[in-house]
Amino acid sequence: MDSLQDNVEDLFAHVNRYLETQKRLFQLKIAEKSASVVSEGVVYLVLGLFGVFTVGFLAVGLGFYFSSIFESHAMGFGLVGAIFLLVFLIFYTNKKHLVRDKISNQIISKYFDDNEK
């Protein structure tokens, strides 16, 4: 009888260790996926920042170029502002399709991509 009780106790100990290991593995997988998503977000943030500076400098240069053509700073920079307004309206009217869906899909695919490595 002691042998059966010892076997049952060993079984419960092994099951307990297995469940703890599975819990730890799940936590590590979530941490790995979260770190991957956050690091990719930081990369996109830095690229976006460089993109903003690039577009800003190009806009100023384009404003001065149009100013020289129209011989008026107001006309040159007004045209650049109109171009930005047009681009803004295009993005605003298509924000779900152009931005939100693509970002959501990318984050979800990053979490569920098991063949990442």
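This write-up is about the structure you can find in this document. (Residues numbered from 1 in each chain as written. Predicted model: local features only at pLDDT ≥ 70, side-chain atom pairs only at ≥ 80, totals over all residues. Heavy atoms only, no water.)

## What to know about the overall build of the chain
Broken down by element type, the chain carries three helices and zero strands. Each helix (α) and strand (β) of the chain, taken in turn from the N terminus, gives the series α-α-α. Relative to the globule expectation of 13 Å for 117 residues, the C-alpha radius of gyration of the chain, 28 Å, shows a markedly less compact shape. Projected onto the principal axes, the alpha-carbon positions of the chain cover approximately 105 × 25 × 20 Å. In the chain, which comprises 117 residues, the share counted as buried stands at 8%. The contacts of the chain with a sequence gap of at least 6 include a subset with a gap of at least 24, amounting to 45%. Summed over all atoms, the accessible surface of the chain reaches about 10000 Å², with 70% contributed by carbon and sulfur. Between the centroid of the 11 positive side chains of the chain and the centroid of its 12 negative side chains there is a distance of 10 Å. (Helix = DSSP H or I, 4+ residues; strand = E, 2+ residues; numbered from the N terminus. Rg over C-alpha atoms; globule rule 2.2 N^0.38 Å. Buried < 20%, exposed > 50% of the residue type's maximum accessible area, 1.4 Å probe, protein only. Contact = heavy atoms within 4.5 Å. Areas by Shrake-Rupley, 256 points an atom, 1.4 Å probe, with all protein chains shown as cover. Lys, Arg positive; Asp, Glu negative; His and termini not counted. Charge placed at Lys NZ, Arg CZ, Asp CG, Glu CD.)

## Comments concerning the side chain of S67
Along the chain, S67 falls in helix α1 (residues 2–70). Exposure remark for S67: the relative accessible area of 6% places this residue in the buried category. In terms of polar contacts, S67 uses its side chain to reach the backbone carbonyl oxygen of G63, at 2.7 Å. Beyond its immediate stretch of four places on either side in the chain, S67 contacts S72, H73, G76 and F77. (Polar contact = N/O pair within 3.5 Å; in protein donor to acceptor, adjacent residues only side chain to side chain.)

## A word on the packing of α1 against helix α2 (residues 73–93)
Between α1 and α2, the least distance of the axes is 7 Å, while the angle of their chain directions is 135 degrees. Considered as vectors, α1 and α2 are oriented oblique to each other. α2 is crossed by α1, and the crossing has right-handed handedness. On the side of α1, the interface is formed by V55, A59, V60, L62, G63, F64, F66, S67 and F70, while α2 contributes H73, M75, G76, F77, L79, V80, I83 and F84. Class assignment of the residues belonging to the contact of α1 with α2 gives a composition of 13 nonpolar, four polar and no charged. (Axes fitted to C-alpha atoms, helices over the stretch in contact; angles between N-to-C directions. Parallel < 35°, antiparallel > 145°, perpendicular 65-115°, else oblique. Left-handed = near helix turned anticlockwise from the far one by under 90°. Nonpolar A, V, L, I, M, F, W, Y, C, P; charged D, E, K, R; others polar.)

## Concerning unusual backbone geometry
A positive phi is found at E71, a non-glycine position, where the angle reads about 55 degrees. Secondary-structure assignment places E71 in the loop between α1 and α2.

## Looking at the packing of aromatic side chains
Two numbers describe a pair of aromatic rings. These are the distance of the centres and the angle of the planes. Across all of its chains, the model carries four aromatic pairs by this definition. Look at F66 and F70: their rings are 6.4 Å apart centre to centre, the planes differ by 40 degrees, and that puts the pair in the tilted class. With F66 and F70 both in helix α1 and four residues apart, the pair spans about one turn of that helix. Residue classification places F70 among the partly exposed residues on the basis of a relative accessible area of 40%. (Phe/Tyr/Trp six-rings, centres within 6.5 Å; stacked < 30°, edge-to-face > 60°.)

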